[in-house]
Amino acid sequence: MSLDFRSDTVTRPTPGMLEAMNSAPLGDDVLDGDPTVIALENRIADMFGKEAAIFVPSGTMSNLIAIFLHCRPGEDMICDENAHIFIYEQAGYAQINGVSVRTIPCERGIYTPDNVKNMLRNANLHFPDTVALAVENTHNRGGGSVWPLEELTAVCDTARKNHLTTHLDGARIFNAAVVYEETSGVKRSELLKRIGCLFDTISICFSKGLGSPVGSILLGSADWISKARRRRKVLGGGMRQVGVLAAAADYALDNHIERLTEDHKNAKRLAQGVEDLGADLLRLKYTQTDTNMVFIEITSDKIRTCAAGNSISPAEYFCGKLRESGVQMLPVGEHTVRAVTHLDVDTAAVEKAIKAIANVLDD
Ligand SMILES: *Cc1c(COP(=O)(O)O)cnc(C)c1O
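Residues numbered from 1 in each chain as written. Predicted model: local features only at pLDDT ≥ 70, side-chain atom pairs only at ≥ 80, totals over all residues. Heavy atoms only, no water.

## Topic: the pairing of strand 2 (residues 76-80)
For the record, the criterion: Categorising residues by exposure relies on relative accessible area from a 1.4 Å probe, with only protein chains included: less than 20% of the type maximum marks a residue as buried, more than 50% marks it as exposed, and the intermediate range marks it as partly exposed. Numbering of helices and strands runs from the N terminus; a helix is a DSSP stretch of H or I covering at least four residues, while a strand is a stretch of E covering at least two. In this scheme, strands are said to pair when DSSP sees at least two bridges between them.
In terms of residue burial, strand 2 counts as a mostly covered element, since five of its five residues are buried. Neither face of strand 2 is exposed, since Asp76, Ile78 and Asp80 on one face and Met77 and Cys79 on the opposite face are all buried. Relative to strand 3 (residues 100-104), strand 2 runs parallel, the two sharing five bridges. Looking across to strand 3, one finds that Cys79 is bridged to Thr103.

Listed below in structure tokens is the structure:
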């Protein structure tokens, strides 16, 4: 049983996925195309009602290529202050694309049309031109938060009206999609098309909740995706017999979307277990658990004292202690620990993790 809650990227391919990878028809995706990759690109473009898609090694490369499509050097892009693009991608927008980013302060990565309007400036010799808006859904540092669909639509409408192009960092967009489906009763196929309409480009990861070992994809217009193909090559992202990975992604689209609701249930159970231990020991950074992430803040005096005695952060100390019982979580701040549910951690693993946390605090 896996007790690794550090990320949803740690999953192993299932036997069914390995079988799909093993039997995939292959070609050379740089030379003249790999049939399994082409089929995947067409399939996912259709799902979101976009013209084209391109398979890339990582979400970081997908976002990097997207920003290249949206902005020329010297232009800037708006995103929120905790966006993955802004925090976790080495400022690739700047160091590789020559683009600057301006950030919206907000809670859980979700903002309003007014926030976007406040970022707009008149054309002026002194300013970079602001040309694009990037939205992250679900929002990673926002605790796996899901944008309300109305807000997402309103923000994208405001962007369009103000001549901004729009990018969705949808690394975990399927986690959001199953939540929309549950709460709205609208069919998922219809929801994906609605989301597709809102954005010029969409980046999606197969290696997160969907449980593939490697791979992301960028969706957009045929023109932009053909430019993306050239850009991917110079970034070193042209891969050859990569149908083996596309087959894993294709298998995940068939078999691993529906089950994301299980991950969400497990995360809610974990959050409840943490809450039950009492706010004087731990508390939830975000009281709402929308999808598969739980952010835990260490409030226990005892843990803080022990951590100080070891000259490490309370988050590191806590995770070190947990690891002694085989449970892994990720320190993401001085006092903050992240736990993510996924394909390889089941309900029993969650119960074990809750017990292990209680033991660390009791010790
Ligand atoms: C993981 C992630 C990425 C980047 O994906 P990599 O494949 O790790 O490069 C981008 N955006 C968000 C929101 C993510 O969670």
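## Brief notes about the nonpolar core
Most often, soluble globular proteins keep nonpolar side chains buried together rather than apart. The condition that has to hold: In this description, a nonpolar core means a group of buried Ala, Val, Leu, Ile, Met, Phe, Trp, Tyr and Cys residues linked to one another through side-chain atoms lying within 4.5 Å.
Grouped together as the largest cluster of nonpolar side chains are 57 residues, with contacts concentrated most on Ile44, Phe48, Phe55 and Phe174. Val294, Ala307, Ala349 and Val360 belong to the second largest nonpolar core, which has 31 residues in total.

## Looking at the side chain of His264
Put simply, the rule reads: We call two residues in contact when some of their heavy atoms are within 4.5 Å.
Structurally, His264 is set in helix 12 (residues 260-276). Those residues in contact with His264 that lie beyond four places of it in its chain are Asn175, Val178, Val179, Asp290, Thr291, Asn292 and Thr341.

## Some words on the side chain of Ser212
Which entries qualify depends on this criterion: N or O atoms within 3.5 Å of each other form a polar contact, as long as, within protein, one can give a hydrogen and the other can take it, and as long as residues adjacent in sequence are counted only when both atoms are side-chain atoms.
You can see Ser212 is positioned in the loop between strand 6 (201-205) and strand 7 (216-220). Among the residues examined, Ser212 registers a relative accessible area of 1% and is labelled buried. From its side chain, Ser212 meets the backbone oxygen of Ala248 in a polar contact 3.4 Å long. Beyond its immediate stretch of four places on either side in the chain, Ser212 contacts Met17, Phe206, Ser207, Ala248, Ala249 and Ala252.

## Details of the pattern of salt bridges
The test is simple: Definition used for salt bridges: Asp or Glu carboxyl oxygen within 4 Å of a side-chain nitrogen of Lys or Arg.
Scanning all chains against the criterion turns up 21 salt bridges. For Arg43, the salt bridge is made with Asp254, and the minimal N-O distance between the two is 2.7 Å. Linking Arg43 in helix 2 (residues 35-47) with Asp254 in helix 11 (residues 243-255), this pair joins segments that are 211 residues apart in sequence. Of the charged contacts, one joins Glu258 and Arg188 as a salt bridge, the two residues approaching to 3.5 Å between their closest N and O atoms. Of this pair, Glu258 sits in the loop between helix 11 and helix 12 while Arg188 sits in helix 9 (residues 188-198); the two residues are 70 residues apart in sequence, bridging distant segments of the chain. Residue classification places Arg188 among the buried residues on the basis of a relative accessible area of 16%. Here the salt bridges share partners, and the residues they tie into one network are Arg43, Asp250 and Asp254.

## Section: the packing of helix 13 (residues 301-309) against helix 14 (residues 314-323)
Threshold: Only the stretch in contact is used when a helix axis is fitted, and all axes are lines through C-alpha atoms; the angle between N-to-C directions ranges over 0 to 180 degrees. When an angle is under 35 degrees it counts as roughly parallel; over 145 it counts as roughly antiparallel; between 65 and 115 it counts as roughly perpendicular; any other value is oblique. Following the grouping adopted for this structure description, the nonpolar residues are Ala, Val, Leu, Ile, Met, Phe, Trp, Tyr, Cys and Pro, the charged ones are Asp, Glu, Lys and Arg, and the polar ones are all others, Gly among them.
Packing of helix 13 against helix 14 brings their axes to within 8 Å, and their N-to-C directions diverge by 100°. The orientation of helix 13 relative to helix 14 falls into the category roughly perpendicular. Residues Ile303, Arg304, Cys306 and Ala307 of helix 13 lie in contact with helix 14, whose contacting residues are Pro314, Tyr317 and Phe318. In terms of residue class, the contact of helix 13 with helix 14 is built from six nonpolar, no polar and one charged.

## Topic: the packing of aromatic side chains
Ring pairs (aromatic) are described by centroid distance and by the angle formed between their planes. Which entries qualify depends on this criterion: Two rings belonging to Phe, Tyr or Trp (six-membered ring only in the last case) form a pair when the distance between their centres is within 6.5 Å. Interplanar angles under 30 degrees mark stacking, angles over 60 mark edge-to-face geometry, and anything in between is tilted.
Applying the stated rule across the entire model yields four aromatic pairs. Pairing Phe48 with Phe174 gives two aromatic rings, centres 5.8 Å apart and planes at 65°, and the pair type is edge-to-face. Highlighted residues: Phe48 in the loop between helix 2 and strand 1 (52-56) and Phe174 in helix 8 (residues 173-184), separated in sequence by 126 residues. According to the relative accessible area criterion, Phe48 is buried, its value standing at 1%. By relative accessible area, which is 2% here, Phe174 ends up buried. Centroid distance Phe55 to Phe206: 6.1 Å. Interplanar angle 35°. Geometry classified as tilted. Highlighted residues: Phe55 in strand 1 and Phe206 in the loop between strand 6 and strand 7, separated in sequence by 151 residues. Look at Phe55 and you get buried, because its relative accessible area is 1%.

## Some points on the sheet that holds strand 5 (residues 165-169)
On the basis of which strands lie adjacent, the open sheet formed by seven strands has the order 1-7-6-5-4-2-3 and mixed pairing. At either end of the open sheet lies a strand with only one pairing partner, and these are strand 1 and strand 3. Strand-to-strand twist in this sheet, taken as the mean axis angle between neighbours without regard to direction, amounts to 20°. As paired strands, strand 6 and strand 7 are joined by four bridges and run antiparallel to one another. The residue of strand 7 that forms the bridge with Ile202 is Leu219. The strands touched by helix 2 are strand 1, strand 6 and strand 7; relative to strand 1, the strand with the most contacts, the crossing angle is about 130°.

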